[in-house]
Amino acid sequence: MADFRSDTVTQPCAAMRRAMHDAELGDDVFNDDPTTLELQRYAAELLGFEAALFAPSGTQTNLIAMMSHCQRGDEAIVGQQWHTYKWEGGGMAVLGSVQPQPLELQADGTLALSDIAGAIKPDDPHFARTRLIVIENTVGGKVLPLSYMRDVATLAREKGLKCHIDGARLMNAAVALASEHQLSPQEMARELCQGYDSVSLCLSKGLGCPVGSLLLGSKEFIQQAKRVRKMLGGGMRQTGVLTAAGLYALHHNIERLADDHANARYLADGLTELARELQTLQSLTVIAPQTNIVFTDIAPALADRLLPYLAEHGIKVTASRYQATQGALMRLRWVCHLDISRQQITETLTLIRQFAQEVSLVK
């Protein structure tokens, strides 16, 4: 079996499980769980912030950030495809009473600086008060470059706005950019955060933890964030059994993200070769990955046969139908992670070849 649905499906390795088992525990609501305090201290130092806060999920850390930066009736500028806008149940509006101002993404995954500037409302009682710019990195597996991240932070400062990074896969971006800037992935991650008021970092995606996310910012911001976390039901007790996994991940699982990126390229290259070689798969289009996520478009009629075939052979992948200029397409999303091996990818490619040949024979 190979589960390509998401990097959230990973299982903690034996060493991570031992760290969780042996963790020193306290009560985090009373702020005396030593393992959680150490994770928060280490993460803040790693990314260049004064303080950090552990919460159950990235959805919650993002919501905490927006509710800490904004008051009722304030506005946050977001992307149409940002997780904070599209994939978090409308929490910023429903629970935070924060108005989202969504903007279209550019082809490279960025928001145009001119669009951001144009969306900022004047100080007028007719309008919601623009308070926050939210950026996501990576977005759909695409990496937003350091120069762009700095430009957004500069724009926010010039306009007197706060800025937040949804960095669920920030470390993937850091690994992808590190060699270009001659930095370690950890140094690169810190650089990507410079000038931002807050960042959320998911521990349960590529970093391989079973649960959890971190929110980072100033001491004053994190004090407010603790209040919001409590309001949202995110205050937990002996969190050290979870945060020990986070400490292990930050010490051991950052550099290895490069393996996931290499596996994604291997998968993409293999799928591209199959589409070139086999007439049955001529409708398959592969979008070259920048990190650990591969998107492929395929004719819905063929997808209706391929997806059950893969499932029957233990291959799990997500798919969604969308309308392109040339007609309806099915988009398959393949996510590589620490529980996907090169051998599993090879076996998956062999299985798809077998599928194509069987379909050809039926014709």
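It should be emphasised that the depicted structure is a prediction, and the values quoted were computed from it without experimental measurement.

### Let's talk about the sheet that holds strand β8 (residues 213-217)
On the basis of which strands lie adjacent, the open sheet formed by 7 strands has the order β2-β8-β7-β6-β5-β3-β4 and mixed pairing. What marks the edges here is a single partner per strand, and that holds for β2 (51-55) and β4 (99-103). Averaged over all neighbouring strand pairs, the angle between strand axes comes to 20°, with direction disregarded. The pairing of strand β3 (residues 74-79) with β4 spans 5 bridges and is classified as parallel. Paired with Gly-79 across the strands is Leu-103, a residue of β4.

### Here we look at the pattern of salt bridges
With the rule as written, the count across this model stands at 15 salt bridges. A salt bridge links Arg-129 to Asp-74; the nearest nitrogen and oxygen atoms lie 2.9 Å apart. In this pair, Arg-129 sits in strand β5 (residues 129-136) while Asp-74 sits in strand β3, placing the two residues 55 residues apart along the sequence. Arg-129 sits in the partly exposed class, given a relative accessible area of 41%. On the basis of relative accessibility, which here comes to 2%, the residue Asp-74 falls in the buried class. As a salt-bridge pair, Asp-260 and Arg-256 come within 2.5 Å of each other at their nearest N and O atoms. The two residues Asp-260 and Arg-256 agree in class, both being buried. In the salt-bridge network here, residues are joined through shared partners; they are Glu-38, Arg-41 and Glu-45.

### Brief notes about helix α3 (residues 58-69)
Helix length check: α3, at 12 residues, gives a terminal C-alpha distance of 16 Å against a target of 16 Å (1.5 Å per residue), a fit within 8%. Of all the 12 residues making up α3, 11 are buried; the element is thus mostly covered by neighbouring parts of the structure. For α3, the complete set of buried residues consists of Gly-58, Gln-60, Thr-61, Asn-62, Leu-63, Ile-64, Ala-65, Met-66, Met-67, Ser-68 and His-69.

### Digging into the nonpolar core
Soluble, globular proteins show a tendency: their nonpolar side chains are buried together. Counting 68 residues, the largest nonpolar core has Leu-47, Ile-116, Ile-135, Met-171, Leu-192, Leu-216 and Leu-250 as its most contacted members. Once residues lying within four places of it in the same chain are set aside, the contact partners of Leu-47 are Leu-170, Met-171, Ala-189, Arg-190, Cys-193, Gln-194, Val-199, Leu-201 and Leu-216.

### Describing the packing of helix α8 (residues 170-178) against helix α12 (residues 257-277)
As a packed pair, α8 and α12 sit with axes 9 Å apart at the nearest point and diverge in direction by 80°. What the angle tells us is that α8 and α12 run roughly perpendicular. Counting all contacts with α8, which are made through Met-171, Asn-172, Val-175 and Ala-176, the residues of α12 involved are Leu-257, Ala-258 and His-261.

### A closer look at helix α11 (residues 240-252)
End to end, α11 covers 18 Å across 13 residues, agreeing with the expected 18 Å (1.5 Å per residue, within 8%). The buried fraction of α11 is high, at 10 of 13 residues. Every buried residue of α11 is accounted for by Gly-240, Leu-242, Thr-243, Ala-244, Ala-245, Gly-246, Leu-247, Tyr-248, Ala-249 and Leu-250. In this structure, the buried side of α11 is in contact with α1 (14-21), α2 (34-47), β2, β7 (198-202) and β8.

### Some details on the pairing of strand β10 (residues 293-298)
Regular strands place their side chains on alternate faces of the sheet. Among the 6 residues of β10, 6 are classified as buried, and the element is accordingly described as predominantly covered. Side-chain alternation along β10 places Ile-293, Phe-295 and Asp-297 on one buried face and Val-294, Thr-296 and Ile-298 on a second face that is also buried. Bridge count for strand β9 (residues 285-287) against β10 is 3 bridges, and the pairing is antiparallel. Of the residues in β10, the one forming a bridge with Thr-285 is Asp-297. Linking β9 to β10, which pair antiparallel, is a turn of 5 residues.

### Some words on the sheet that holds strand β12 (residues 318-324)
Here 4 strands make up an open sheet; going across it, the order is β9-β10-β13-β12 and the pairing antiparallel. Edge positions in the sheet fall to β9 and β12, since each has one partner strand and no second. Within this sheet the neighbouring strands show an average axis-to-axis angle of 25°, counted without direction. Bridge count for β12 against strand β13 (residues 327-335) is 7 bridges, and the pairing is antiparallel. Note that in β13 the partner of Ser-320 across the bridge is Arg-331. α12 rests against β9, β10 and β13 of the sheet, and its axis sits at about 20° to β10. The strands that helix α13 (residues 300-312) touches are β10, β12 and β13; relative to β13, the one it contacts most, it runs at about 30°.

Rules used in this analysis
- Residues numbered from 1 in each chain as written.
- Predicted model: local features only at pLDDT ≥ 70, side-chain atom pairs only at ≥ 80, totals over all residues.
- Heavy atoms only, no water.
- Pairing = 2+ DSSP bridges.
- Helix = DSSP H or I, 4+ residues; strand = E, 2+ residues; numbered from the N terminus.
- Axes fitted to C-alpha atoms, helices over the stretch in contact; angles between N-to-C directions.
- Salt bridge = Lys/Arg side-chain N within 4 Å of Asp/Glu carboxyl O.
- Buried < 20%, exposed > 50% of the residue type's maximum accessible area, 1.4 Å probe, protein only.
- Expected span 1.5 Å × (residues − 1).
- Core = buried A, V, L, I, M, F, W, Y, C linked by side-chain atoms within 4.5 Å.
- Contact = heavy atoms within 4.5 Å.
- Parallel < 35°, antiparallel > 145°, perpendicular 65-115°, else oblique.

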